[in-house]
Amino acid sequence: MAQHDPCVPMSAQYQSAVWPQNETQLGAVMAAIERVERTRGRTVYTKVEKPKRWYDAEWYHQSYNNKNKARLAAAFGVFVLNNIPHGSFPGQEPLKTVLGGAVFLSLLPQLVSPFDRLLSMLD
């Protein structure tokens, strides 16, 4: 509950939920919810549900934040290189091409689903 505001009602797609796997976890979750409701004086909308079968996300969604940091850094590099005078330093254009290609390649598996099986074998 530290990562978001559990007291804000959300649509089903974005609603927070927990799936405690045993009675100890269930007790800890219920205590945390009661503590937040008591200290904030507001209802917690996080759902507490029975355990479900876990499915790992597709390989390209694994370590999403780490992968997107690299993508964002590459995209920012292209932006910076596009906004400084052409030829400001040797290798500017090739660097821009490499960074732009890295951004494109990082998006490709998500854009072209047939590559999913092939690329997941390399993961």
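Our subject is the structure that appears above.
Remember, it's a predicted structure, so these values are computed and weren't measured experimentally.

## Thoughts on the nonpolar core
Core analysis: the biggest nonpolar cluster contains 5 residues, these being Cys7, Val29, Ile33, Val36 and Val44. Contacts of Cys7, omitting those with residues within four sequence positions, involve Val36, Arg40, Arg42, Thr43, Val44 and Tyr45.

## A short note on the pattern of salt bridges
For the coordinates displayed, the defined rule picks out 4 salt bridges. The residue Arg40 makes a salt bridge to Asp5 at a minimum N-O spacing of 3.0 Å. Of this pair, Arg40 sits in helix H1 (residues 23-40) while Asp5 is found in the segment before strand S1 (17-18), placing the two residues 35 residues apart along the sequence. Exposure remark for Asp5: the relative accessible area of 30% places this residue in the partly exposed category. Among the salt bridges present, the one from Lys52 reaches Glu49, with a minimum N-O distance of 3.3 Å. Salt bridges sharing partners connect three or more residues here, namely Asp5, Arg40 and Arg42.

## So, the side chain of Lys96
Within the secondary structure layout, Lys96 lies in helix H3 (residues 92-111). Reaching out from Lys96, the side chain makes a polar contact with the side chain of Asn82 at a distance of 3.0 Å.

Here is what the cut-offs are and how they apply
- The numbering scheme is per chain: residues are counted from 1 as the chain's sequence reads.
- Only residues with pLDDT of at least 70 get local features here, since the model is predicted, and only at 80 or more are side-chain atom pairs given and counted; chain-wide, interface and lining totals rely on the full set of residues.
- As a convention, hydrogens and water are excluded, and side-chain values are obtained from all of the structure's heavy atoms.
- Residues enter a nonpolar core if they are buried and are Ala, Val, Leu, Ile, Met, Phe, Trp, Tyr or Cys, with the set joined through side-chain atoms within 4.5 Å.
- Think of it in three bands: residues with accessible area under 20% of the maximum for their type are buried, residues over 50% are exposed, and the middle band is partly exposed, with areas taken using a 1.4 Å probe on protein chains only.
- The contact criterion used throughout is that any non-hydrogen atoms of two residues lie within 4.5 Å.
- By convention in these notes, a salt bridge is any Lys or Arg side-chain nitrogen within 4 Å of a carboxyl oxygen on Asp or Glu.
- What counts as a helix is a DSSP run of H or I of at least four residues, what counts as a strand is a run of E of at least two, and both are numbered from the N terminus.
- For this analysis, a polar contact is any N or O atom pair within 3.5 Å, provided that within protein one partner can donate a hydrogen and the other can accept it, and provided that sequence-adjacent residues contribute only side-chain to side-chain pairs.

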